[in-house]
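In case you want the letters, here they are:
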Amino acid sequence: MSTEILMNEKFVSILNKVLPNKDPITNLTYFENLQHKLTNQQQDEFYIPVLGIQGTGKSSFLNALLMDDYILPVDADETTCVPVEIRYGDEKIVVHFEDKSPITVRHHKEIEQYVHNSYNPGNEKQVKIIQVFKKHELLQNGVVFVDLPGVGSLTPSNVKTTMDYIEKLSAAIFMIRSVPPILKNEANFLKIVWPKLSKAWFVQNKWNDEANAEVEDGKEHNAYILNEIQKFYKMNDYLDIRIINVYGALTGKLTENQQQIDASGIPAFQTFISEVTSNWRSMINDEKNNLERQAIIDVKEVIQEGIKLYDKGPEEHYEFLHEQEVIMQEKLEENNKVLRELKRMLRKEERQLTSWIESEAQKHKEDLRTLMHRVVKSNVVDGDRLATAFQDSQKDIADDFMEQFIEKMTDLKLEVQSYYDSIQIQQPDGQFVNFDEFNKKQKLKVEKSISTVISLGVGIGTILLASNPVGWIAGAAIGIIGTFIGSKSKKYVQENRQHTTMNELEPKIQDFARKLENSLKENLRDFILHIEETIESITEKQADMLEKAYEELREIRFIEIDEYKAKKKALEDDLAFVQSLEG
């Protein structure tokens, strides 16, 4: 089989002739979609990001895994939106900027000047990425580890940077803690990210002051939460949680205590990653070959079905196409009925969810007011303690609200899927089946390649796989959470100061509730619009299919016999050529 079929002009010509339709979701033809997938396979590096909320020890873990010292900053309370890549090469550190040429820094401590929010607030220095080069055996096979900003941080661009990386990767390491174990905001993040990845490994960081019993309790709790997420999304992956004493590993390296290093779990994890990544290039090459092989099979199947029709002769061929056109009209009208019902359901759900958001926003506003009243009544009326309490209270309330919203949006997503499952899809043999059955038959093809002949089927199948109505939630509260220090005037008696502080807090509380409500409403509307646009695209696609059926019917109805034979011969020649590529 040729390994460069898209460089073969004749194959591409045949492909575009027999599979010309555009996918209603991506607006790409089979060729364009295949070209996009194969281009993505042409990579010389294998990226492994380290994910987790702020404070789980991501940078410390990478120091322990790949470095001999604290090369990556680990004491930053709040990093900026700057990913740090650790890749193979002569040891150096290169800082890349959005608007100017990269620079090489002399010492690893200078990294802080670019990733620490104290030195680079809001990434005002416009740093795009930092690359740390290290000659480590785990990196020499083209593996690149990425230290990403912590999710749950208070910088909106941090979350965007992390989510952008996730969208283009297939595997990741999640850092979780023993104490506290997975919390709501972490669980929300995992619900969004984990299903997108083909493989995930979990590293539970054990701190030195944590007892073994605490660590095991934490692992049990973490395993329970992760198993529940797996059940919800019907994921069957083996749950891999590895306990690693990151601090112990680093201390062992700095003191040259091999026993402490071995006990930390880092060497075992290094061996594991080495085994996993040793053949990544051959895996990608296999996937590339699978895509090309499937393309040849799909083109061959379409041509074979066409030859079968020409074998019938012009009259029987016409009668068959006429019968198929009548069936297509009936099936597509049934589809349109389903789509109309889906639109009615969406309008109803949008009204109900909008009302729920408004009601819950008011409830959570009252909760925040009550929480802050308790804080102020305990004589915390100004300064950093009040600011921290206000931010923490907002974050807790936002996490609760987000968790409820994720559940409701997931229910809506599944209900939409049930409508799509009843859509009728035409198979290569001309028969129509429900999309649910079609998807089961084509599961391997949907996962590894483009589907078979009808791009409408691909479109429906990828609607909910590609859409991410709650993907924004990991950072939805970012930018909503307000800050407050409070008046530091000493002229008020304590009771008056409490009253004044609550009055000063009230606009901030109102602002938080308003922004939270508007954010959820906006993203609900975005999801509804996405599905409505998809419905319109499917409707237009069906109309195109019907028009093409009419055109083919008219062509066969009035075709001359010599032209009929020539068309059949052309198909046979195309089939012979495509079969020659299977080699």
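Residues numbered from 1 in each chain as written. Predicted model: local features only at pLDDT ≥ 70, side-chain atom pairs only at ≥ 80, totals over all residues. Heavy atoms only, no water.

Structural notes on the confidence of the model for the protein
The test is simple: Along the chain, pLDDT gives the predictor's confidence residue by residue, from 0 to 100. Contact between two residues is taken to exist if any of their heavy atoms lie within 4.5 Å; hydrogens are not considered.
Per-residue confidence for the protein gives a mean pLDDT of 80; residues scoring 70 or more make up 81%. Per-residue pLDDT stays below 50 along residues 441–479; that stretch engages in 116 contacts with residues further than four places along the chain or on separate chains. A low-confidence stretch, residues 485–493 (pLDDT under 50), is modelled with 20 contacts involving residues beyond four sequence positions or located in other chains.

A few points about the environment of Glu-45
The condition that has to hold: Secondary structure elements are defined from DSSP: runs of H or I of at least 4 residues count as helices, runs of E of at least 2 residues count as strands, and each element is numbered from the N terminus. Residues adjacent in sequence count toward polar contacts only when both atoms are side-chain atoms; beyond that, a polar contact is any pair of N or O atoms within 3.5 Å, and within protein one must be able to donate a hydrogen and the other to accept it.
Relative to the helices and strands, Glu-45 is located in the loop between helix 2 (30–41) and strand 1 (46–51). Distance from Glu-45 to Arg-281, taken between C-alpha atoms, is 8.6 Å for residues 236 residues apart in sequence. Looking at Glu-45, its side chain comes within polar contact range of the side chain of Tyr-47, at 3.2 Å. Looking at Glu-45, its side chain comes within polar contact range of the side chain of Arg-87, at 2.2 Å.

Thoughts on unusual backbone geometry
Backbone torsion omega between Val-179 and Pro-180 reads -10 degrees, so that peptide bond is classified as cis. Inspection of the secondary structure puts Pro-180 in the loop between strand 7 (171–177) and helix 6 (184–193). Residues other than glycine seldom take positive phi values, yet Gln-126 does so here, at roughly 60 degrees. By the secondary structure assignment, Gln-126 is in the loop between helix 4 (112–115) and strand 5 (127–133). The phi torsion at Asn-379 lies on the positive side, around 70 degrees, for a residue other than glycine.

So, the sheet that holds strand 5
Defined as follows: Here a strand pair is declared whenever DSSP counts at least two bridges between the two strands. Under this scheme, a helix contributes an axis fitted over its contacting stretch, all axes are lines through C-alpha atoms, and angles between N-to-C directions fall in the 0 to 180 degree range.
Taken together, the 9 strands give an open sheet; going across it, the order is 4-3-5-2-6-1-7-8-9, and neighbouring strands pair in mixed fashion. With one partner strand each, in any of the chains shown, strand 4 (103–105) and strand 9 (241–244) form the two edges of the open sheet. Adjacent strand axes in the sheet meet at a mean angle of 25 degrees, parallel and antiparallel pairs treated alike. Relative to strand 9, strand 8 (residues 199–205) is paired through 4 bridges, and the arrangement is parallel. What sits directly across from Asn-205, in strand 9, is Ile-244.

Some thoughts on the packing of aromatic side chains
Note the following rule: Aromatic contacts are taken between Phe, Tyr and Trp rings whose centres are within 6.5 Å, Trp giving its six-membered ring; a plane angle under 30 degrees counts as stacked, one over 60 as edge-to-face, and the others as tilted. Under the scheme applied here, a residue whose accessible area is under 20% of the maximum for its type counts as buried, over 50% as exposed, and between as partly exposed, the area being computed with a 1.4 Å probe on protein chains only.
Applying the stated rule across the entire model yields 10 aromatic pairs. An angle of 70 degrees between the planes, with centres 6.1 Å apart, marks the rings of Phe-97 and Tyr-114 as edge-to-face. Note that Phe-97 is positioned in strand 3 (residues 92–97) and Tyr-114 in helix 4, a separation of 17 residues in sequence. Comparing Phe-97 with Tyr-114 shows no difference in burial state: the two are buried. A ring pair is formed by Trp-201 and Phe-272, whose centres lie 5.9 Å apart and whose planes are at 85 degrees; its orientation type is edge-to-face. With a gap of 71 residues between them, Trp-201 in strand 8 and Phe-272 in helix 10 (residues 266–277) connect regions that are remote in the sequence. Here Trp-201 and Phe-272 have matching classes, each one buried. A network of ring pairs unites the aromatic residues Phe-61, Trp-201, Phe-269 and Phe-272 as a single cluster.

Describing the environment of Gly-265
Counting through the fold element by element, Gly-265 comes out in the loop between helix 9 (258–264) and helix 10. Each C-alpha atom of the pair Gly-265 and Asn-245 lies 6.7 Å from the other, and the pair is 20 residues apart in sequence.

Description of the nonpolar core
Convention followed: As used in this record, nonpolar core signifies buried Ala, Val, Leu, Ile, Met, Phe, Trp, Tyr and Cys residues forming a set joined through side-chain atoms within 4.5 Å.
Ranked by internal contacts, the top residues of the largest apolar core, which has 43 residues, are Phe-61, Ile-130, Val-132 and Phe-145. Beyond its immediate stretch of four places on either side in the chain, Val-132 contacts Met-67, Ile-71, Leu-72, Val-84, Glu-85, Ile-86, Arg-87, Lys-92, Ile-93 and Ile-111. Among the nonpolar cores identified, the runner-up in size contains 41 residues, and Leu-346, Met-372, Ala-389 and Leu-524 belong to it.

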